[in-house]
Amino acid sequence: MNERIWPAAFPKPIPRDEDVPFWASVAARRMALQTCGNCGHVRYPSGSHCPQCLSEEAEWRPVSGRAELVSWCTFHRKYLPAFEPPHTVGVGRLEEGPLFVAILLEGHLPDGSAGRPLRIDYVQDPDGTVLPAYRLAAEPDAGGA
Amino acid sequence: MNSHGLEAATAAVVGVGHTDWAGDYRRTREGEKPGTSETYAARAFVAALADAGIDKSEVDGLIVGPRTAYERTAEAFGLNPRWGAQADAVGAVVNAAMAIHAGFANVIALVYGNDQRSAKVQYGGPQAMGGESYLSYVYHSPWGLTSQGALYALMFQRYKEMHGVTERDLAEVAVAQRLAASLNDNAVMRKRISVDDYMAANYVCQPLRLFDYCLINDGGVALIIASREWAQSRARRPVYIRGIGRADLNEGATTLEPRLTHFYRPAQVAASAASYAMAGAGPEDMDAVQIYDSFSCHIPFALEGFGYCAIGDAPKLMRDRGISLGRGLPVNTAGGHLSETYMQGWAHQVEAVRQVRGECSPRQVPDCRHVHYCSDVAGKAFSIIYGSDA
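Residues numbered from 1 in each chain as written. Chains lettered and ligands numbered in written order. Predicted model: local features only at pLDDT ≥ 70, side-chain atom pairs only at ≥ 80, totals over all residues. Heavy atoms only, no water.

With respect to the overall build of chain A
Short version of the rule: Secondary structure counts use DSSP, requiring at least four H or I residues in a row for a helix and at least two E residues in a row for a strand, with both numbered from the N terminus. With C-alpha atoms as the basis for the radius of gyration, the globule rule is written as 2.2 Å multiplied by the number of residues raised to the power 0.38. Should any heavy atoms of two residues lie within 4.5 Å, those residues are considered in contact.
Counting secondary structure elements, chain A contains one helix and nine strands. Scanning chain A from its N terminus toward the C terminus, one meets helices and strands in the order β-α-β-β-β-β-β-β-β-β. Since a compact globule built from 145 residues should have a radius of gyration of about 15 Å, the 16 Å found for chain A is in line with a globular shape. Along the three orthogonal principal directions, the C-alpha set of chain A runs to about 45 × 35 × 25 Å. A sequence separation of at least 24 residues applies to 55% of the contacts in chain A between residues at least 6 apart.

So this is what it looks like as structure tokens:
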């Protein structure tokens, strides 16, 4: 996998205590989410209780990195120093279930692109902050990495 | 069968007031500061009292909007009410109706002031307004997804993908609301636009363009809501709250599940059903609709969720039946947030009341008996039906 370097510093994540393990997994380039130890529901953002069954039992498991494109938008105005327009953000449905928002590295896509397979990649800014990002996977999705 | 204990016309709007939105917009553009949020709220309160024909001593309840502190607002108005609360526009109307129903107050002032333009309030970025209440507003800022507009751009792109809708279809909203604003002396933006003007404007967050976005302007709004008995004996032109419904969609809110998977529809359907049951009326009885429109695409989504057409058919409704004045289903008849004033839903209540009163010439909807207000901010769906009958 090619290392991707972003030219400017990302806005820092908002500090929630519950997110610390998530960001540690991202920094290690093995993004993980909580799986409920009682009912198996995968949740994001993280939290102390399962929103389905309210159990506190949970395990952090790495995601497969496979997702399907649900929607996307492209900023044509510069709101943040890190992101020169046009800047595209995608929402994917992770194989594990949750929706997940991330930069779409290919940029804007034509109408009719919903459903295209995505892979989680990682980008790093000059401060060393790592973010998960989407790139389009070859079709048909062959699986694996 | 009503799903809650409130009866139609338990309460009525007996007074409305607001600030000089268009004038204050010009002044703020010239660098002036016409007032603080508190000033605008007070000016609107004075105007609403005059409209109701009452002195402030008759007010026994006070509900303030999100941008002014409750105690300070009450202190500034010299009020010691027996009922008080803080809420957004539609929450305030519902709270007032419930308080009156329960006997906590008889004449309630609802006041809102917002100096968002002159105070340069941020609606995007890691410190975006509302982030403390809605995690989705700030949670994705590391990836650059920060603005409210972007959340609606994602929704509209998803809607395009599912229903084959075009951006020209969406243009109808901005064009229709600007037409309404052109007939409204209080509107901030009054120059009519065409579909071609809409399409020629730049994208802000694609697929949404400049004219899909609400204004940001200073101002205030106030309503006086009283019991049916008070309204019948004292009010000149009471407009009754005939239906109220509320339902939420919170599961998966931060990752935008209620928006992108459900378009808030289950909440909209439940809220509107409760309000229709309370009012003993249906969408076919509504003469005009006011829809919370921070972005234009609220309109097609609401038309579907609040009962005006089938899923995916809103563009057809907008094209064939029409949502502009003089057509089948007039929507946001004062211009809405896109063209009249961005009072976060408060001014929509004023327009609903004025249309039912019949005082909106030259933009008056003929024989207007019912006006429906629909909002679904962050998946909290509210449906309110205003009507002329007690």
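Still more to cover.
Concerning the overall build of chain B
Selection criterion: Exposed residues in this analysis have more than 50% of their type's maximum accessible area, buried residues have under 20%, and partly exposed residues fall in between, with area computed by a 1.4 Å probe over protein chains only. Per-residue accessibility takes into account occlusion by the displayed protein chains alone, with areas from the Shrake-Rupley method and a 1.4 Å probe. Only four residue types enter the charge count: Lys and Arg as positive, Asp and Glu as negative, with His and the chain ends excluded. Note that the charge is assigned to NZ on lysines, CZ on arginines, CG on aspartates and CD on glutamates.
Within chain B, the secondary structure is distributed over 15 helices and 11 strands. Over its C-alpha trace chain B gives a radius of gyration of 19 Å, about what one expects of a compact globule, namely 21 Å for 390 residues. With the C-alpha coordinates aligned to their principal axes, the bounding extent of chain B is approximately 55 × 50 × 40 Å. Per-residue burial for chain B yields a buried fraction of 66% across its 390 residues. Restricting the contact set of chain B to residue pairs at least 6 apart, pairs at least 24 apart contribute 73%. By element, 49% of the accessible surface of chain B is carried by carbon and sulfur atoms, the whole surface being about 13,300 Å². Across chain B, the centroid of the 36 positively charged side chains sits 3 Å from that of the 41 negatively charged ones.

A word on the sheet that holds strand β3 (residues 42-43) of chain A
Applicable threshold: Two strands form a pair only when DSSP identifies at least two bridges running between them.
Spatially, β3-β2-β4 (chain A) is the arrangement adopted by the three strands of the open sheet, whose pairing is antiparallel. Among the strands making up the open sheet, the edge pair consists of β3 and β4 (58-62) of chain A.

Quick notes on the sheet that holds strand β8 (residues 239-248) of chain B
Residues and elements named next belong to chain B. This is how the line gets drawn: Here, axes are lines fitted to C-alpha atoms. For helices the fit covers the stretch in contact, and angles between N-to-C directions go from 0 to 180 degrees.
Ordered in space as β3-β2-β4-β7-β1-β8-β11-β10-β9, the nine strands form an open sheet in which the pairing is mixed. Two strands close off the open sheet at either side, each with one partner strand: β3 (83-86) and β9 (288-291). Put simply, the sheet's adjacent strands are angled 25° from each other on average, direction ignored. Together, β8, β10 (370-375) and β11 (380-387) form the strand contacts of helix α11 (residues 265-279), whose direction differs from that of β8 by roughly 150°.

Some thoughts on the interface of chain B and chain A
Quick note on the threshold: Here the buried area means the combined drop in accessible surface, using a 1.4 Å probe, for two parts upon being joined, counting both sides. For this analysis, a salt bridge means a side-chain nitrogen from Lys or Arg found within 4 Å of a carboxyl oxygen belonging to Asp or Glu. Nitrogen and oxygen atoms within 3.5 Å of one another constitute a polar contact, given that in protein one can donate a hydrogen and the other can accept it, and given that sequence-neighbouring residues count only through two side-chain atoms.
Taken residue by residue, the interface counts 32 residues in chain B and 38 residues in chain A. Both faces combined, the contact of chain B with chain A buries some 3,100 Å², and carbon together with sulfur accounts for 63% of it. Sorting the residues of chain B by area buried against chain A places B:Tyr139, B:Pro142 and B:Trp143 first, and these three jointly supply 26% of that buried surface. Taken together, chain B and chain A are joined by two salt bridges. Of the charged contacts, one joins B:Lys160 and A:Asp111 as a salt bridge, the two residues approaching to 3.2 Å between their closest N and O atoms. Inspection of the region where chain B meets chain A yields 17 residue pairs in polar contact (both at pLDDT 80 or more).

Quick notes on the environment of B:Phe306
Residues and elements named next belong to chain B. Counting through the fold element by element, Phe306 comes out in the loop between α12 (298-305) and α13 (314-321). The buried category is assigned to Phe306, whose relative accessible area is 0%. Along the primary structure Phe306 and Pro266 are separated by 40 residues, whereas in three dimensions their C-alpha atoms are 9.7 Å apart. Setting aside its immediate chain neighbours within four residues, Phe306 contacts Gln268, Ser272, Tyr276, His372, Cys374, Ser375, Asp376, Ala381, Phe382 and Ser383.

Describing the packing of helix α2 (residues 37-52) of chain B against helix α3 (residues 70-77) of chain B
Between two packed helices, the angle of one axis relative to the other and the distance separating the axes together describe the packing. All names here are of chain B. Rule in force here: Reported orientations rely on four angle classes, namely roughly parallel under 35 degrees, roughly antiparallel over 145, roughly perpendicular from 65 to 115, and oblique for the rest. Two helices cross in a left-handed way if the nearer one is turned anticlockwise from the farther one by less than a right angle. They cross in a right-handed way if the turn is clockwise. When residues are grouped by polarity, Ala, Val, Leu, Ile, Met, Phe, Trp, Tyr, Cys and Pro land in nonpolar, Asp, Glu, Lys and Arg in charged, and all others, Gly among them, in polar.
One can describe the packing of α2 onto α3 by two numbers: an axis separation of 11 Å at closest approach and a directional angle of 50°. When the axes of α2 and α3 are compared, the pair comes out oblique. For the crossing formed where α2 meets α3, the hand is right-handed. For the pair α2 and α3, contact is made by Glu38, Ala41, Ala42 and Phe45 and by Arg72, Ala76 and Phe77, respectively. Residues that form the contact of α2 with α3 fall into these classes: five nonpolar, no polar and two charged.

A short note on the packing of aromatic side chains
Just so we agree on the cut-off: Only Phe, Tyr and Trp rings take part, Trp by its six-membered ring, and two of them pair if their centres are within 6.5 Å. Stacked means planes under 30 degrees apart, edge-to-face means over 60, and tilted covers everything else. By definition here, charges over rings are those cases where NZ of Lys or CZ of Arg is within 6 Å of the ring centre and within 35 degrees of the ring normal.
This model, assessed by the stated rule, comprises 22 aromatic pairs over all chains. Measuring from ring centre to ring centre gives 5.9 Å for B:Tyr159 and B:Phe263, while their planes differ by 65°; the resulting arrangement is edge-to-face. Of this pair, B:Tyr159 sits in helix α6 (residues 148-163) while B:Phe263 sits in the loop between α10 (257-260) and α11; the two residues are 104 residues apart in sequence, bridging distant segments of the chain. What makes B:Phe263 buried here is its relative accessible area of 1%. Seen in terms of ring centroids, B:Phe263 and B:Phe301 are 5.3 Å apart; in terms of plane orientation they differ by 55°. Their pairing is tilted. In this pair, B:Phe263 is assigned in the loop between α10 and α11 and B:Phe301 in helix α12, connecting sequence segments 38 residues apart. Like B:Phe263, the residue B:Phe301 is buried in the burial classification. Site record: aromatic cluster; members linked through ring pairs are A:Phe22, A:Trp23, A:Tyr44, A:Phe100, A:Tyr134, B:Tyr139 and B:Trp143. Over the aromatic face of B:Tyr152 sits the side chain of B:Arg259, whose NZ or CZ is 4.9 Å from the ring centroid.

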